[in-house]
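One-letter residues, chain by chain:
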Amino acid sequence: DSPSEQQQSELDDLKKQLVKRRNAVKAKQREENLAEAKELMNLGKFTEATEKLNKVTAYSPTAEQREAVRVIAEEIARRRRAHRDLQVSIRLLGTERRKDIMAAQSSLRKNPEVALGMLLEASESVDNPILAANALESLRLLNKPEVTLAAMIAVLRRSEQQQVWPAAMEQDKGIVEKQAPR
């Protein structure tokens, strides 16, 4: 019992529709993975961003998507290098020497997209309250009030960071004064 010509034609049409739908789903997944890779990169999560890029390349990307993967991968590599370079600056924020702190802040301001994630992480330091306080100050200097305020509120919510609360309040006051209408 072989299928009739009409049945065979309908089956072929259904197969073509299935292929089109699968391709559309894969295309959507690739676009979502590209967007997520960029977002993760901006948060300093380079390994996770690279994993998303690998998923894009695993599903037959278009030429445009391959180019986007290349651009994002190059930016991740650049930011990884910058991250390594800025680690010295982050360590300097853990000191009490004002000259070292100012030099570190100057270095961090030169690469704010990389410094942001590093400073947010440093602001959560429980072991080194000096580092956390100086990280909050450095965040404010990056001129990203919404991120800085969120970091300060997070510090104030952590009882184990009580030593940093005065610094958080001081930075908060600086942001509020800067944002106030004149």
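The notes below deal with the structure included here. These numbers come from a predicted model, not from an experiment.

### Quick look at the environment of Ala-73
And step 1. Of note, Ala-73 is situated in helix α3 (residues 63-93).
And step 2. When its relative accessible area of 34% is taken as the criterion, Ala-73 is described as partly exposed.
And step 3. For the pair formed by Ala-73 and Asn-54, sequence separation is 19 residues and the distance between their alpha carbons is 10.0 Å.

### Side note on the packing of helix α6 (residues 129-141) against helix α7 (residues 145-157)
And step 1. Packing of α6 against α7 brings their axes to within 9 Å, and their N-to-C directions diverge by 160°. Compared by their axis directions, α6 and α7 come out roughly antiparallel. For α6 against α7, the interelement crossing comes out left-handed. Contacts from Leu-136, Leu-139 and Arg-140 in α6 reach Thr-148, Ala-151, Met-152 and Val-155 in α7.

### Regarding the side chain of Arg-79
And step 1. Relative to the helices and strands, Arg-79 is located in helix α3.
And step 2. Judged by its relative accessible area of 7%, Arg-79 falls in the buried class.
And step 3. Reaching out from Arg-79, the side chain makes a polar contact with the backbone oxygen of Met-41 at a distance of 3.4 Å.
And step 4. Ignoring anything within four residues of it in the chain, the contact list for Arg-79 reads Met-41, Asn-42, Phe-46, Glu-113 and Val-114.

### Comments concerning the nonpolar core
And step 1. In terms of nonpolar packing, the biggest core is built from 25 residues, with Ile-90, Leu-93, Leu-108, Leu-119, Leu-136 and Leu-139 touching the most fellow members.
And step 2. Sorting the residues of this core by element identifies α3, α4 (98-109), α5 (112-123), α6 and α7 as the ones contributing at least two each.
And step 3. Here Leu-139 is in contact with Leu-116, Leu-119, Leu-120, Ser-123, Lys-144, Thr-148 and Ala-151, once residues within four sequence places are set aside.
And step 4. Of all hydrophobic cores here, the second largest spans eleven residues; its members include Ala-49, Leu-53, Val-69 and Ile-76.

### Thoughts on the pattern of salt bridges
And step 1. This structure, assessed with the given rule, holds ten salt bridges.
And step 2. With a shortest N-O distance of 3.8 Å, Glu-32 and Lys-28 are connected by a salt bridge. Of this pair, Glu-32 and Lys-28 both sit in helix α1 (residues 5-42), four residues apart, which is roughly one turn of that helix.
And step 3. Between Arg-79 and Glu-75 there is a salt bridge; the shortest N-O distance is 2.8 Å.

### Quick look at α4
And step 1. An ideal rise of 1.5 Å per residue puts 16 Å on twelve residues; α4 measures up with 16 Å between its terminal C-alpha atoms.
And step 2. Among all positions in α4, only Asp-100, Ile-101, Ala-104, Gln-105 and Leu-108 are buried. Seen end-on, α4 carries its buried residues on one side only, within an arc spanning 135°.
And step 3. Contact partners of the buried residues in α4: α3, α5 and α6.

### Here's the deal with unusual backbone geometry
And step 1. With phi around 45°, Ser-60 is a residue other than glycine that occupies positive phi space.
And step 2. Inspection of the secondary structure assignment puts Ser-60 in the loop between α2 (46-58) and α3.
And step 3. Under the relative-accessibility criterion, Ser-60 is labelled exposed at 62%.
And step 4. One non-glycine residue, Asn-143, lies in positive phi territory at about 60°.
And step 5. As for its position among the elements, Asn-143 is in the loop between α6 and α7.
And step 6. According to the relative accessible area criterion, Asn-143 is partly exposed, its value standing at 47%.

### Let's talk about the packing of α1 against α2
Between two packed helices, both the angle of their axes relative to each other and the distance between the axes serve to describe the pair.
And step 1. Two elements in contact, α1 and α2, have axes whose closest approach is 8 Å; the angle formed by their N-to-C orientations is 165°. Our classification of the angle between α1 and α2 gives roughly antiparallel. The chirality of how α1 crosses α2 is left-handed. Across the interface between the two elements, Arg-30, Asn-33, Leu-34, Glu-36, Ala-37, Leu-40 and Met-41 of α1 pack against Phe-46, Glu-48, Ala-49, Lys-52, Leu-53, Lys-55 and Val-56 of α2.
And step 2. For the contact of α1 with α2, the class distribution of residues is eight nonpolar, one polar and five charged.

About the criteria used
- Residues numbered from 1 in each chain as written.
- Predicted model: local features only at pLDDT ≥ 70, side-chain atom pairs only at ≥ 80, totals over all residues.
- Heavy atoms only, no water.
- Helix = DSSP H or I, 4+ residues; strand = E, 2+ residues; numbered from the N terminus.
- Buried < 20%, exposed > 50% of the residue type's maximum accessible area, 1.4 Å probe, protein only.
- Axes fitted to C-alpha atoms, helices over the stretch in contact; angles between N-to-C directions.
- Parallel < 35°, antiparallel > 145°, perpendicular 65-115°, else oblique.
- Left-handed = near helix turned anticlockwise from the far one by under 90°.
- Contact = heavy atoms within 4.5 Å.
- Polar contact = N/O pair within 3.5 Å; in protein donor to acceptor, adjacent residues only side chain to side chain.
- Core = buried A, V, L, I, M, F, W, Y, C linked by side-chain atoms within 4.5 Å.
- Salt bridge = Lys/Arg side-chain N within 4 Å of Asp/Glu carboxyl O.
- Expected span 1.5 Å × (residues − 1).
- Arc of directions from axis to C-beta.
- Nonpolar A, V, L, I, M, F, W, Y, C, P; charged D, E, K, R; others polar.

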